[in-house]
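# Examining the three-dimensional arrangement
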Amino acid sequence: IFSKVGPVYEHRLMMEHTGVNRGYGYVRFTNVEDAKEAIKRLNNFEIRPGRYLVVTKSVDNRRLWVNGIPKNRSGKEIRGEMERLTSGVRDIILYPSQADKSKSRGYMFVEYDSHRAAALARKKLVQGSMFLFGQEIGQVDWAEPEHEVDEETMSTVKILFVRNLMLSTTENTIRDLFNKLGNNSVERVKKAKDYAFVHFSTREDAEKALEASNPLSIDDAEVEVVWSKPVDKQTYNTRKTLTKAFTSGISSDLLTRDGAMVRGISPRRRGAAGIRGLGAPGTAPPKQLVQRYAAMTAHSSVSHGTRGGMPLPHTVTTYRPAPDILLDICQNSNWGEPNYSLISSAPGEDAEEPAEKMYIYKVTIPNFP
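Remember, it's a predicted structure, so these values are computed and weren't measured experimentally. (Residues numbered from 1 in each chain as written. Predicted model: local features only at pLDDT ≥ 70, side-chain atom pairs only at ≥ 80, totals over all residues. Heavy atoms only, no water.)

All right, on to the pattern of salt bridges then. The final tally for this structure, using the stated rule, is eleven salt bridges. Across the salt bridge formed by Glu81 and Arg84, the nearest N and O atoms sit 2.9 Å from each other. A residue pair is termed a helical-turn pair when its members lie 3 or 4 positions apart in one helix, as Glu81 and Arg84 do in helix H2 (residues 75–85) at three residues. Residues Glu207 and Arg203 are paired through a salt bridge, measuring 3.0 Å at the closest nitrogen-oxygen approach. Within this pair, Glu207 and its partner Arg203 are both found in helix H6 (residues 203–211), separated by four residues, close to a single helical turn. Classification of Arg203 by relative accessible area gives buried; the value is 18%. (Salt bridge = Lys/Arg side-chain N within 4 Å of Asp/Glu carboxyl O. Helix = DSSP H or I, 4+ residues; strand = E, 2+ residues; numbered from the N terminus. Buried < 20%, exposed > 50% of the residue type's maximum accessible area, 1.4 Å probe, protein only.)

Here it is as structure tokens:
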């Protein structure tokens, strides 16, 4: 399939110790153009009836998100402590509190020299009992990778994104300032909490304002100004909904009256490329996930009807078989698929006695730690 797009340099299919594949792999092309074309042509490609491929750019994530840090410490101070705890720290990214710019928000992003360094740091930090200035670190996870936009599209952007604003800063203040920086060509300003989007009438004026915004202070707050990345609203909203569903999970399977089964969604951990199974940030989620979630929400939102004043019975029955729960846990933990061996009988005490029927299954998890 991939060779039809262009010459493939390398193909790696990730396997379990049992010999079955993990459901994903890596394809390396001989040139970048073929790789981009493969994403366009093969993402959501129906490889089998009802089974769609998820094809995205491989993410070399080097950034961790760390919660529960002291709010009254500077980036330089925290970097020194993180370099003591982990190796390969390249940068510490802190965002000031919306209400008090002298304090951070209690979380940070840690950029490492390589994906391997970030992975080793995460493995160490998630074990717990790690302290920064006497305060125990909270949750540690992969940072959500930013979605990439091609250079051709970014070259047409006329919107600037401004963050770290004061809550009291108004849209009029922002409009007046950027009109001075960009030849009075601001079309509109949209502010929410401590960030805003500034729309210009021309790309040239937006570039001029961006160049003059480094550095920039508004209402005594040091702000950051960057290009706004275009987002497909439908894709964004769909990913946001599915991310919530994957994070919390929908534990019950749905069985309709016509016998159709819709499997529930188990909570999934965040991987280096984001929520596993959702695809790369900024890309359309896999069709089968969208269809599955739509089917579940459609059935679960069925309300009681009436017939002659009597309530109709539920049209959906929910249950979650134990083997399905175990399968999801094993797949999410990369333990491999459980193997079931039936122990149907055991010999009696007397050799002449018939064996006793047991009907017991032995469950083996291949890679259980």
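What follows covers the sheet that holds strand E15 (residues 221–227). Think of a sheet as strands paired side by side through backbone hydrogen bonds, with each pair either parallel or antiparallel. The strand order E12-E13-E11-E15-E14 describes an open sheet built from five strands, whose pairing is antiparallel. Two strands close off the open sheet at either side, each with one partner strand: strand E12 (186–192) and strand E14 (216–218). Shown here is a sheet whose adjacent strand axes are inclined to one another by a mean of 30 degrees, direction ignored. In this structure, E12 lies alongside strand E13 (residues 195–200), joined through six bridges in antiparallel fashion. By the bridge assignment for E13, Lys190 is matched with Phe197. (Pairing = 2+ DSSP bridges. Axes fitted to C-alpha atoms, helices over the stretch in contact; angles between N-to-C directions.)

Moving on, we get to the packing of aromatic side chains. If you walk through the whole model with that rule in mind, you get nine aromatic pairs. Ring centres of Tyr95 and Phe109 lie 6.2 Å apart, and the angle between their planes is 80 degrees; this geometry places the pair in the edge-to-face category. Of this pair, Tyr95 sits in strand E6 (residues 89–96) while Phe109 sits in strand E7 (residues 104–112), and the two are 14 residues apart along the sequence. Phe109 carries the same exposure label as Tyr95, and that label is buried. With a centroid separation of 6.1 Å and an interplanar angle of 85 degrees, the aromatic rings of Tyr107 and Phe109 are classed as edge-to-face. An aromatic cluster is defined as three or more aromatic residues linked by ring pairs; in this entry it consists of Trp65, Tyr95, Tyr107 and Phe109. Taking NZ or CZ as reference, Arg73 lies 4.0 Å from the ring centre of Phe133, over its face. (Phe/Tyr/Trp six-rings, centres within 6.5 Å; stacked < 30°, edge-to-face > 60°. Lys NZ or Arg CZ within 6 Å of the ring centre and 35° of its normal.)

Attention now moves to a nonpolar patch on the surface. Among the surface-exposed residues, Ile1, Phe45 and Ile47 lie close enough to one another that they form a single nonpolar patch of about 240 Å² accessible area. Structurally, Ile1 can be placed in the segment before strand E1 (8–15). A relative accessible area of 43% means that Ile1 is categorised as partly exposed. (Patch = residues over 30% accessible without salt bridge, like charges linked within 9 Å, V, L, I, M, F, W, Y side chains within 5 Å. Areas by Shrake-Rupley, 256 points an atom, 1.4 Å probe, with all protein chains shown as cover.)

Just distances and angles here, no functional claims.
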